[in-house]
Amino acid sequence: MAHLNFKKAHFATLCVHGSGGVDEATGALSIPIYQSSTFAFKNAKHGADIFSGEQEGYVYTRIGNPTQAALEKEMAFLEGGEAALAFGSGMAAISSVILSLCQSGDNFVSSDTLYGGTHSLFVDTLPRLAIEGREVNTTNLETIEAAIDDKTRLLYIESPANPTLIVSDIRACAKIAQKHHIPLVVDNTFSTPFFQRPLELGADIVIHSATKYIGGHGDTVAGVVIGKQEYINNLRGNFLRDLGGIISPLNAWLLVRGLKTLAVRMERHQQNAIKVAKFLQFHPKVEQVWYPGLATHPQHEIAKQQMSGFGGMVSFEIKGGRKAGEKLMNSVKIFTLAVSLGDVDSLIEHPASMTHSTYSEEALKEVGISQGLVRLSVGLEDVHDLIDDLSQALRKINI
Ligand code: LCS
């Protein structure tokens, strides 16, 4: 089946049909799970030619696999990129991208509000290899400029950021990166290509924790990188091959299946999230709500310019601080107290003691992750039940 024309078909159609779908070898409409570690060569010359790159073909699943390739084709297509590479986790994707762009003695500039694992990679692990992550407030363009020097190899942003949902201006960041001849890398996990396509806004590389909305069902851990063909070839040939952070064929298959419903899921996540955000905004026990779709969000105007929707994540500051937050999390009945996000099920968690516990107390304060901040991943249940659940749990809090 030929690719649909990206410009003519609508995104939901592309999600269902985008990768072409049919397995070339068998005609199977659902891509088979090629659960094989190795691939037989027709003869010695065939094997040598594939190794030397003279012929295309599969060799070994750490380097490439047809089920993995189906996922990569689809992700590149949906993000509007030339090529993609799948990894065994979002963290494997992020670490491989940084290592592919930096050597010891180099630095990179990144958002200071990041998923806690990314933050710990940037400020604890990479410095052990003499690669310095310079975390700055990337909503302030002057601060970004001031942090870049002649050893800076990339600019990295997470937007909207985990967990405060602050939004960096992708177009403006791309201009800064271009001026300094460095790539702009965007973690697009929270938006997915359904709501935001950073490559069209000037970014060079897009990263996903595909564990979240791409899979969508809370059953797979994976990562994906999208970029130029030449860059992806280098990432596969040198970093996936040598560091080995690959995705399994089964997990790649689960993500291909997840992508088919991405558009309908994201629409419903957003519809529910807006209603939950508005309910919380006017609740007397809530101090402040963080959702890019609210007019009160500090970067609402930028969000409107670069996103076609605002996603399913909502964070809020509860009156009464950590104690009140604990009471809330222990009182919900439909929301599940768990980390991760983007699942069908609604999830609730406490960033300061869970996903962002890798931040020092001081760093938490600097980026506005207070002890009273609660993060919701709004799922696909009936929103009335979600609001009733939050309402009954909030009633149990005595401030
Ligand atoms: N980027 C973002 C924005 C994330 O939220 C996460 C994980 C990652 C990258 C890392 O991806 P992973 O290796 O887990 O696939 N975020 C998580 C969270 O908020 N709770 O648990 C994991």
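Residues numbered from 1 in each chain as written. Predicted model: local features only at pLDDT ≥ 70, side-chain atom pairs only at ≥ 80, totals over all residues. Heavy atoms only, no water.

S.K.: Before we move on, can you summarise the overall build of the chain with the specific residues and values?
M.R.: Looking only at helices and strands, the chain features 15 helices and 12 strands. The C-alpha atoms of the chain give a radius of gyration of 21 Å, which matches the 21 Å a tight globule of 399 residues would have. Counting only C-alpha atoms and orienting by the principal axes, one finds that the chain spans roughly 75 × 50 × 35 Å. The long-range fraction of contacts in the chain, counting pairs at least 24 apart against all pairs at least 6 apart in sequence, stands at 71%. On the chain, roughly 17,000 Å² of surface is accessible, and the fraction owed to carbon and sulfur atoms is 52%. (Helix = DSSP H or I, 4+ residues; strand = E, 2+ residues; numbered from the N terminus. Rg over C-alpha atoms; globule rule 2.2 N^0.38 Å. Contact = heavy atoms within 4.5 Å. Areas by Shrake-Rupley, 256 points an atom, 1.4 Å probe, with all protein chains shown as cover.)

S.K.: Any chance you could break down the site of the ligand for me, citing the residues and the numbers?
M.R.: The full set close to the ligand counts 18 residues, and D187, S209, T211, K212 and R375 are the nearest of them. M91 is positioned such that a nitrogen or oxygen atom in its backbone is 2.9 Å from an oxygen atom of the ligand. Between a nitrogen atom of the ligand and a side-chain N or O atom of D187, the distance comes to 2.6 Å. A total of three residues in the shell around the ligand trace back to one element, the largest contributor, which is helix α4 (residues 90-101). Across the shell around the ligand, the residue classes tally to six nonpolar, eight polar and four charged. (Near = heavy atom within 4 Å. Polar contact = N/O pair within 3.5 Å; in protein donor to acceptor, adjacent residues only side chain to side chain. Nonpolar A, V, L, I, M, F, W, Y, C, P; charged D, E, K, R; others polar.)

S.K.: Got a sec to walk through the sheet that holds strand β10 (residues 336-337)? Specific residues and values, please.
M.R.: Spatially, the five strands line up as an open sheet ordered β8-β9-β12-β11-β10, and their pairing is mixed. Strands with a single pairing partner mark the edges of an open sheet, and in this sheet they are β8 (286-290) and β10. Pairing of β8 with strand β9 (residues 313-318) involves four bridges; the strand directions are antiparallel. Note on β9: the bridge partner recorded for V289 is F316. This element, helix α13 (residues 321-331), spans β9, β10, β11 (347-349) and β12 (373-377) of the sheet and lies at about 130 degrees to β9. (Pairing = 2+ DSSP bridges. Axes fitted to C-alpha atoms, helices over the stretch in contact; angles between N-to-C directions.)

S.K.: Which residues make up the domain arrangement of the chain, and what values go with them?
M.R.: Entries for the chain in the domain assignment read domain 1 (11-260) and domain 2 (263-395). Computed from C-alpha atoms alone, the centre-to-centre distance between domain 1 and domain 2 is 26 Å. Facing 40 residues of domain 1, the contacting portion of domain 2 comprises 39 residues. The junction of domain 1 with domain 2 conceals about 3,200 Å² of combined surface from both sides, 61% of it contributed by carbon and sulfur atoms. (Domains from an automatic or database assignment. Buried area = accessible area lost by both parts, 1.4 Å probe.)

S.K.: So what about the nonpolar core? Which residues, and what values?
M.R.: Side chains of nonpolar character tend, in soluble globular proteins, to be buried together. The biggest cluster of nonpolar side chains holds 70 residues, and the ones touching the most others in it are L71, I98, F122, Y156, I207, V225 and L235. Counting contributing residues per domain, this core is built from domain 1 (11-260) and domain 2 (263-395), each supplying no fewer than three. If we ignore the near neighbours within four places in the chain, the residues touching F122 are I94, I98, F108, S110, L114, P127, G133, E135 and Y156. V286, A324, M329 and F335 belong to the second-largest nonpolar core, a separate cluster that totals 32 residues. (Core = buried A, V, L, I, M, F, W, Y, C linked by side-chain atoms within 4.5 Å. Buried < 20%, exposed > 50% of the residue type's maximum accessible area, 1.4 Å probe, protein only.)

S.K.: Could you give an account of the layout of surface pockets, with specific residues and numbers?
M.R.: Considered as a void within the structure, the largest pocket measures approximately 1,600 Å³ in volume. Taken together, 50 residues make up the lining of the largest pocket; nearest its centre are E56, Y58, N65, P66 and A69. Going through the elements one at a time, α1 (11-17), α2 (44-52), α3 (66-79), β1 (83-87), α9 (229-243) and α10 (249-260) are the ones with two or more residues in the lining of the largest pocket. Looking at which element gives the most residues to the lining of the largest pocket, the answer is α3, with nine residues. Partitioning the lining of the largest pocket into residue classes produces 24 nonpolar, 14 polar and 12 charged. In this structure, the second largest pocket is lined by 20 residues; those nearest its centre are M91, Y115, N162, S209 and K212. Of the residues assigned to the lining of the second largest pocket, the class counts are seven nonpolar, nine polar and four charged. Counting the residues that make up the lining of the second largest pocket, at least three belong to each of domain 1 (11-260) and domain 2 (263-395). (1 Å grid on protein atoms, 1.4 Å probe; cavity = no way out; pocket = protein on both sides within 12 Å on 5 of 7 lines; lining within 4 Å. Points joined across faces, edges and corners; volume = space filled by probe spheres on them.)

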